[in-house]
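# Coordinate inspection notes
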Amino acid sequence: MKKLLLATAVAALSVSAAQAAPTVYGKIFITTDYVNADGNNIPVTTTSNVRDPITGEFVEVRNVEVGDADADSLQINSNISRLGFRGAEAITAETDVIYQLEYGIAVDGESRTFQSRDTYLGLKNANFGEFRFGRNYSVIDYINNVAVNEGYWDNLGPGSADFDNPSLSEALNLTDGNRVNNSIVWKAPKYNDLPLSLALMYGADETFVEDSDDRNEGYGASLMFDAGTGFTAGIAYSDDLNIAGEILRGSASVDLGNYVAYPVQLGVLYQQADFDFSGSEKEKGLVVSAEMGLTNFARPATVYTQYNHTNNLDGIDDADSDQLVVGGTYEFKKNMIAHAYAGANSAEIGNSNTDIDLFAIGGGLEYLF
């Protein structure tokens, strides 16, 4: 009888382990920011819904008005706060089903709906790699390990907010990758312990077309080198994934603490975006960053600075911007981090005589769970 009870208990434990509950995780990151915007001939975009006379459906129409501005604001901002569920479950000895449901939450109350972030269902196999089906980070953003800005100035790459309605600071910066709907990502398995990470991406165009040449499918690839020695380098390319056109990005970083007695990490990123629309110019962007650990505090602390420069913003000839941010962090605990920063962005759009100067200073608390 005791053996029967023991066998039953072992079987129950095995089933429980095999069907483990998903991991619940998230982040709440709230800051208070003083923001000042000063400029002339600033294009302000407004949207309205208009009924299509042919289909009868409502479509969004964007109207651009030009005006001057010299205004400031004290803001309470939710910075990429989120809630997620992820997990894995074996279906064979070598293959797992993997899944993730992650949603952005505006803790400041500006939006009361969950916004989908990385949400996918997939398979992971030691020999064939990992497949993810759903809404995925663009592989361009896999090559983004040099951006150090936090809070209000986190305006490059996967940390960016709503891609369809960018904030002013995002609009004045080089094009980022963000996420792709209806996409497949393949992450290659490690080969002979080579320090390389390869990822390929396909973005489906689900519209019905008579000619396959009219289908706007997207493709992308990224390759990252990281041997664990403090030096990394990567390159990525996408075509019709995040923009109607091509993006080419390369980056490199070095942790000087692995070579000399200075806890400083340096990074550089260069990107070109070639838009398909007629008359556009290649957008060229450069990011240079430095982050240093501080040793004279009771808890881990860092200071950082990041400089962004962009030529031909959004493919507009003679539209340039420069951005400089300085900031720091302090860890009360690994999951409780204080932030402080200040930054400025200055942009000139020569063909429309538009000048924009943006300044923001702020700080807040980030809680991870």
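Residues numbered from 1 in each chain as written. Predicted model: local features only at pLDDT ≥ 70, side-chain atom pairs only at ≥ 80, totals over all residues. Heavy atoms only, no water.

### Side note on the overall build of the chain
On a plain count of helices and strands, the chain comes out with two helices and 17 strands. Each of the 369 residues in the chain was classed as buried or not, and the buried ones make up 34%. Nonlocal contacts in the chain, meaning residues at least 24 apart in sequence, comprise 56% of its contacts between residues at least 6 apart. If you sum the accessible surface of the chain, you get close to 20500 Å²; carbon and sulfur atoms cover 58% of it. (Helix = DSSP H or I, 4+ residues; strand = E, 2+ residues; numbered from the N terminus. Buried < 20%, exposed > 50% of the residue type's maximum accessible area, 1.4 Å probe, protein only. Contact = heavy atoms within 4.5 Å. Areas by Shrake-Rupley, 256 points an atom, 1.4 Å probe, with all protein chains shown as cover.)

### Digging into the confidence of the model for the chain
This prediction gives the chain a mean pLDDT of 86; 83% of its residues lie at or above 70. Considering only residues more than four positions removed or in separate chains, one finds that residues 1–17, a stretch of pLDDT under 50, has zero contacts. Contacts of residues 160–165 to residues separated by more than four positions or lying in other chains number 15 contacts, the stretch itself having pLDDT below 50. (pLDDT = per-residue confidence, 0-100.)

### A look at the pattern of salt bridges
For the structure shown, the criterion picks out six salt bridges. Close ionic contact of glutamate 102 with arginine 82 constitutes a salt bridge, the shortest N to O distance being 3.9 Å. In this pair, glutamate 102 is assigned in strand β4 (residues 95–104) and arginine 82 in strand β3 (residues 82–90), connecting sequence segments 20 residues apart. Classification of glutamate 102 by relative accessible area gives buried; the value is 7%. Taking the shortest distance from any N to any O, the salt bridge between glutamate 130 and arginine 132 comes out at 2.6 Å. Like arginine 132, glutamate 130 is buried. (Salt bridge = Lys/Arg side-chain N within 4 Å of Asp/Glu carboxyl O.)

### Looking at the nonpolar core
Counting residues in each nonpolar core, the largest one holds ten residues, listed as Val35, Ala37, Val148, Tyr152, Trp153, Tyr304, Val325, Tyr341, Leu358 and Ala360. Within the residue set of this core, elements represented by two or more residues are β1 (23–51) and β17 (354–368). The residues contacting alanine 360, other than those within four sequence positions of it, are Tyr34, Val35, Tyr152, Trp153, Tyr341, Ala342 and Gly343. Within the second largest apolar cluster, eight residues are counted, among which are Ile140, Met224, Ile243 and Phe275. (Core = buried A, V, L, I, M, F, W, Y, C linked by side-chain atoms within 4.5 Å.)

### Some remarks on the environment of isoleucine 247
Relative to the helices and strands, isoleucine 247 resides in strand β11 (residues 245–255). For the pair isoleucine 247 and phenylalanine 275, spaced 28 residues apart in sequence, the C-alpha separation works out to 8.6 Å. Look past the residues within four positions of isoleucine 247 in its chain and what remains in contact with it is Ile140, Thr175, Asp176, Ala236, Tyr237, Ser238, Gln271, Gln272 and Ala273.

### Looking at the environment of aspartate 322
Relative to the elements of secondary structure, aspartate 322 occurs in strand β15 (residues 319–333). Separated by 26 residues in sequence, aspartate 322 and glutamate 348 place their C-alpha atoms 9.2 Å apart. Once you skip the residues sitting within four places of it in the chain, aspartate 322 turns out to touch Tyr307, Asn308, His309, Ala344, Asn345 and Ser346. One polar contact links aspartate 322 to tyrosine 307, side chain to side chain, over a distance of 2.5 Å. (Polar contact = N/O pair within 3.5 Å; in protein donor to acceptor, adjacent residues only side chain to side chain.)

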